[in-house]
Amino acid sequence: MKLSAIIPFTLVAVAAATLAAQQKAKKKAPPALKFEVKQLHKDNSEGIAVGDIDGDGKLDVVAGEFWYQAPEFKQLPVRKLLPFGADYLQNNSEHLLDMDGDGDLDVVAGAFTLPLLNWYENPGPGNYDKGIWEIHELADTGYGHNEATFLHDFDGDGQPEFIANSWRPENPMLIWRFVKDEDGKMKAVKHVVSESGNGHGLGFGDINGDGHEDIVFRDGWYERPADGPFSGSWEYHPDFVFPHASCPLLIIDLNEDGRNDVIWADGHNYGLYWEEQMEPQSDGTIVWRQHMIDKKFSQAHTMAWGDIDNDGKDELITGKRYFAHSGKDPGAHDEITVHYYDWNPEDQSWNRNWISKAPAGEGPGVGLQIRLEDLDENGWKDVVVPGKSGTHIIWNQGWTN
């Protein structure tokens, strides 16, 4: 047979095989979640909370000076915030909790450079258009270098306590319990975890496998006392240093070996990591091995862990905090993103999926808190974020194909 008779047949066969491969690849393309962005307000508040504020059974949003009433998310006043620095408001995180026992949710909040721990009283239905909420002082914490604050139930009694993360290592690590005084007014009582030893980043979880939650921060972790979290000071373990660690750090047994690992990000640089807890040494010393998750975006100052794609497994949700240090951090002017990662424990891999992408300052970032809630009751968790590019709801519409 002549060579000229073979070549056309070969080319046809190759073309057919290529087309079949392309069609096969197209059929196997993974589905993607569809998201729609709604901006509630363009401000630079960096704390946010979600809850049923007006008691109508629908989830509302509170962020900074305002709350947003579902289902239209009408903007209503809560409080006034002081500005400071180049582009900050005194709001590093906020929480919803019934502080006076009247059945509705009040706002508990801290501030970056102010020492006061305050709560703001929900005025109740019929009073939401009458101005800002009444403010109540819970405590003067004695210091005002607060990176973020958390409500966390340390003793398992169903009532959360308040803890502030300070960026100054010399500041104390304190837990504040909410109790009523003789007049029935709510106040905050201090418990000292450590007289000195704080630092950028905070998380909660059982590090040493004793069944009790510990406190993890930039420069190591505090071991909860065996007799209870408020029975005395906590033992310090200087196992690691995580520069500018995220708020929170996540404590999760990723590889299912019975030992909890740590997920953290550099909140003021590039770098998202997980620290694998290895088999302890013969003397009980805990050993860690660092793994890179992603180093292609900067300022992942906060994160969340939840099932965003309804596959029955939790995902890592994070993104870029826009202008975390007023534009002075590496990557400050990069594209602003929110995204999530699927974790595969079998091959220990992470797969990034986009939620939102926009030019710097023009779309949602993660601020200092991420809330995952199904606001529109469509069966998919939405992403609610504050930040210096504004307060946003990112609606989760489910799979596109």
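Notes on the structure follow.

Conventions we followed
Residues numbered from 1 in each chain as written. Predicted model: local features only at pLDDT ≥ 70, side-chain atom pairs only at ≥ 80, totals over all residues. Heavy atoms only, no water. 1 Å grid on protein atoms, 1.4 Å probe; cavity = no way out; pocket = protein on both sides within 12 Å on 5 of 7 lines; lining within 4 Å. Points joined across faces, edges and corners; volume = space filled by probe spheres on them. Helix = DSSP H or I, 4+ residues; strand = E, 2+ residues; numbered from the N terminus. Nonpolar A, V, L, I, M, F, W, Y, C, P; charged D, E, K, R; others polar. Salt bridge = Lys/Arg side-chain N within 4 Å of Asp/Glu carboxyl O. Buried < 20%, exposed > 50% of the residue type's maximum accessible area, 1.4 Å probe, protein only.

A volume near 570 Å³ is recorded for the largest pocket. Lining the largest pocket are 26 residues, and of these Phe150, Ala304, Gln369, Ile370 and Arg371 sit closest to its centre. Of all the elements in the fold, those that place two or more residues in the lining of the largest pocket are strand S2 (49-51), strand S8 (94-97), strand S12 (146-152), strand S24 (304-306) and strand S28 (371-373). The element best represented in the lining of the largest pocket is S12, accounting for 5 residues. Residue classes in the lining of the largest pocket are distributed as 16 nonpolar, 7 polar and 3 charged. Looking at the second largest pocket, it is lined by 13 residues, and the ones nearest its centre are Lys313, Asp314, Trp343, Asn344 and Pro345. Tallying contributions element by element places strand S26 (residues 336-344) first for the lining of the second largest pocket, with 3 residues. Classifying every residue of the lining of the second largest pocket by side-chain character gives 5 nonpolar, 1 polar and 7 charged.

Our focus in this paragraph is empty space enclosed by the protein. Tallied over the entire structure, the rule returns 1 cavity of 30 Å³ or more. The computed volume of the largest cavity comes to approximately 60 Å³. Broken down by secondary-structure element, the contributors of at least two residues to the lining of the largest cavity are strand S10 (116-121), S12 and strand S13 (161-166). Of the residues contributing to the lining of the largest cavity, the split by class is 7 nonpolar, 4 polar and no charged.

The next subject is the pattern of salt bridges. Any two side chains of opposite charge can pair, so long as their charged atoms come close to each other. Here the structure, examined in full by the defined rule, presents 11 salt bridges. Between Glu94 and Arg79 there is a salt bridge, with the nearest N and O atoms lying 3.4 Å from each other. Taken as a pair, Glu94 in strand S8 and Arg79 in the loop between strand S5 (74-77) and strand S6 (83-84) lie far apart in primary sequence, 15 residues in all. As far as the burial class goes, Glu94 and Arg79 line up, both buried. Notably, a salt bridge pairs Arg352 with Asp294, separated by 3.0 Å at the nearest N-O pair. You can see Arg352 sitting in strand S27 (residues 349-358) and its partner Asp294 sitting in strand S23 (residues 288-298), a full 58 residues away along the chain. The exposure class of Asp294 is buried, given its relative accessible area of 7%. In the salt-bridge network here, residues are joined through shared partners; they are Glu46, Asp87, Glu147, Arg321 and Lys388.

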